[in-house]
Amino acid sequence: MACNASTCQSNCYKNEEAEIKEPISGDEGRMFCGECFRSNLYGKFRLAITSHAMITPTDNVLVAFSGGPSSRVALQFVHEMQHKSLKNFNASRDRSLLVFGVGVAFIDETSISPLLSHNIDRAIQDIRSIVSNLAPPIKQLHVVPIENIYSGDRTDRLKNLLDAVSDTTGKEDLLLHIRMLSLQKLASENGYNRIVLGLCTSRIACHVITATVKGQGYSLPADIQYVDARWEIPVVLPLRDCLAQELNMLCRLDGLKTVELLKGPCSGINGLVSSFVRLLQEENPSRECTIVRTAGKLTPFHFNRIPENNDFIIPLATRRRQKRYNLKPNESISSESFCPICNSPLNKSDSLRLSNLGSCQTSFDSLGTACCSSCRFQILPNDPSSMEHFYSLLPQPLVARAKHSSYDNLSLLREQIQDCLLSDNEDES
């Protein structure tokens, strides 16, 4: 609801001096005063958290921080939730109210992006200052070089891997996947059980269109939900209902310090779509919301919710809210096969290639067969003779997932044709 004389929480519409101030435009063109604008934005964040059981008192949360406005607001709001939980803990007589833990992760990509090396030391210093000021409670900051995904000769292998991808869009997508693997590795090694990303409506709207252009329509519902538990450490998007414009405005209003990092422009499909969506938003402030709301009607996958075995730690009020908003996905839409590179669920046409896995003699042959169509066309080398070299450059988590995927795919294929197989007794007769 927009801010007006009857709904304004700060009574600014009753203050003649405050009425002179220019109102702030929120989502879909609604107008707010400064205090109501912030309250509305935090309310959307809080509703996403509670409705989808993203954070519970026993959790240990890792916030992915890039330095931009979206991740800065995500970090600020998570801190405010944690600080409130700490106050409740201190106020309780028996100290029985638990306080969830928070850590912050910054992935250092200077080894593969020369533009970042000019100001990275100052940027990391600013990030340390931002995190240290968000206390109490104290939050641990993890600054992790992206090449740490490797265990041996790290920098050269990652550079060579990215250089082996000729498609510009494929290179950007592969880097995105490696970034997620780095966050997963960090979270797993340090005892975190949630990863918070600052993805907002604007970024998700761009992804909806890019995924459609790349032929990833089947896996699209998996990427745009509030919760993504297909990973070892579930990923949550509490800012899914917030626009980038709103987050930028909040950073200016509250004086939230951000960190500007020099990065090269996206020149592939991702950059073109981002420019296109930005033009649409300038013409009509509700376009990004409309895109995400339309895509949100797609049925999510079974892993787009916090796993059932965690229900005992989800507050009763949250479970009731989940039932009220009918957030349970269609359990019939389930895929046990995932692309070993991007971890997208495979559609039927991709699954048909699983029958060829039995004829694959090498691991790198099975990688090409097990991947989704988008990764095959944009990331994997076109020349089959280059596949072995490409496979040798992959980080160990991707190699392990490729082998695991091949095994799971064969098991799934056997289940699908089980009725057509002869038993041992039938074979002897």
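Residues numbered from 1 in each chain as written. Predicted model: local features only at pLDDT ≥ 70, side-chain atom pairs only at ≥ 80, totals over all residues. Heavy atoms only, no water.

1. Comments concerning the packing of helix 2 (residues 34–51) against helix 9 (residues 244–254)
To describe two helices that pack against each other, one gives the angle between their axes and the distance between the axes.
So, step 1. Their axes nearest at 11 Å, the elements helix 2 and helix 9 cross at an angle of 125 degrees. By the angle between their axes, helix 2 is oblique relative to helix 9. For the element pair helix 2 and helix 9, the recorded crossing hand is left-handed. Each of Phe37, Arg38, Asn40, Leu41 and Lys44 in helix 2 lies in contact with helix 9, whose residues at this interface are Glu246, Leu247, Met249, Leu250, Leu253 and Asp254.
So, step 2. For the contact of helix 2 with helix 9, a count of residues per class yields six nonpolar, one polar and four charged. (Axes fitted to C-alpha atoms, helices over the stretch in contact; angles between N-to-C directions. Helix = DSSP H or I, 4+ residues; strand = E, 2+ residues; numbered from the N terminus. Parallel < 35°, antiparallel > 145°, perpendicular 65-115°, else oblique. Left-handed = near helix turned anticlockwise from the far one by under 90°. Contact = heavy atoms within 4.5 Å. Nonpolar A, V, L, I, M, F, W, Y, C, P; charged D, E, K, R; others polar.)

2. Things to note about unusual backbone geometry
So, step 1. Across the junction of alanine 135 and proline 136, the peptide omega takes the value 0 degrees, indicating a cis bond.
So, step 2. Examined against the element boundaries, proline 136 turns out to sit in the loop between helix 4 (120–133) and strand 5 (140–145).
So, step 3. At the junction of proline 136 and proline 137, the peptide bond is cis and its omega measures out at -10 degrees in the coordinates.
So, step 4. With respect to the helices, strands and loops of the structure, proline 137 is situated in the loop between helix 4 and strand 5.
So, step 5. The residue alanine 53 is not glycine, and still its phi comes out positive at about 50 degrees.
So, step 6. Looking at where alanine 53 falls in the secondary structure, it is placed in the loop between helix 2 and strand 3 (60–64).
So, step 7. In this structure, asparagine 343 is a non-glycine residue whose phi angle is positive, near 65 degrees.

3. Focus: helix 11 (residues 287–295)
So, step 1. Every buried residue belonging to helix 11 is among Glu288, Cys289, Ile291, Val292 and Ala295, and all of these are buried. One face of helix 11 carries all of its buried residues, which in axial projection span an arc of 160 degrees.
So, step 2. For helix 11, the secondary structure elements touched by its buried residues are helix 7 (201–213) and helix 10 (269–283). (Buried < 20%, exposed > 50% of the residue type's maximum accessible area, 1.4 Å probe, protein only. Arc of directions from axis to C-beta.)

4. Re the environment of cysteine 289
So, step 1. Within the fold, cysteine 289 resides in helix 11.
So, step 2. Sequence separation of cysteine 289 and cysteine 242 is 47 residues, and the distance between their C-alpha atoms is 8.9 Å.

5. A word on the pairing of strand 4 (residues 101–108)
Residues in a regular strand project their side chains so that they alternate between the two faces of the sheet.
So, step 1. With eight of eight residues buried, strand 4 is to be regarded as a mostly interior element.
So, step 2. One ladder, built from five bridges, connects strand 3 with strand 4; its direction is parallel. Pairing of asparagine 60 across the sheet is with glycine 101, part of strand 4.
So, step 3. Crossover handedness for the path strand 3 to helix 3 (residues 69–91) to strand 4: right-handed. (Pairing = 2+ DSSP bridges. Right-handed = clockwise from strand over helix to strand, strands pointing away.)

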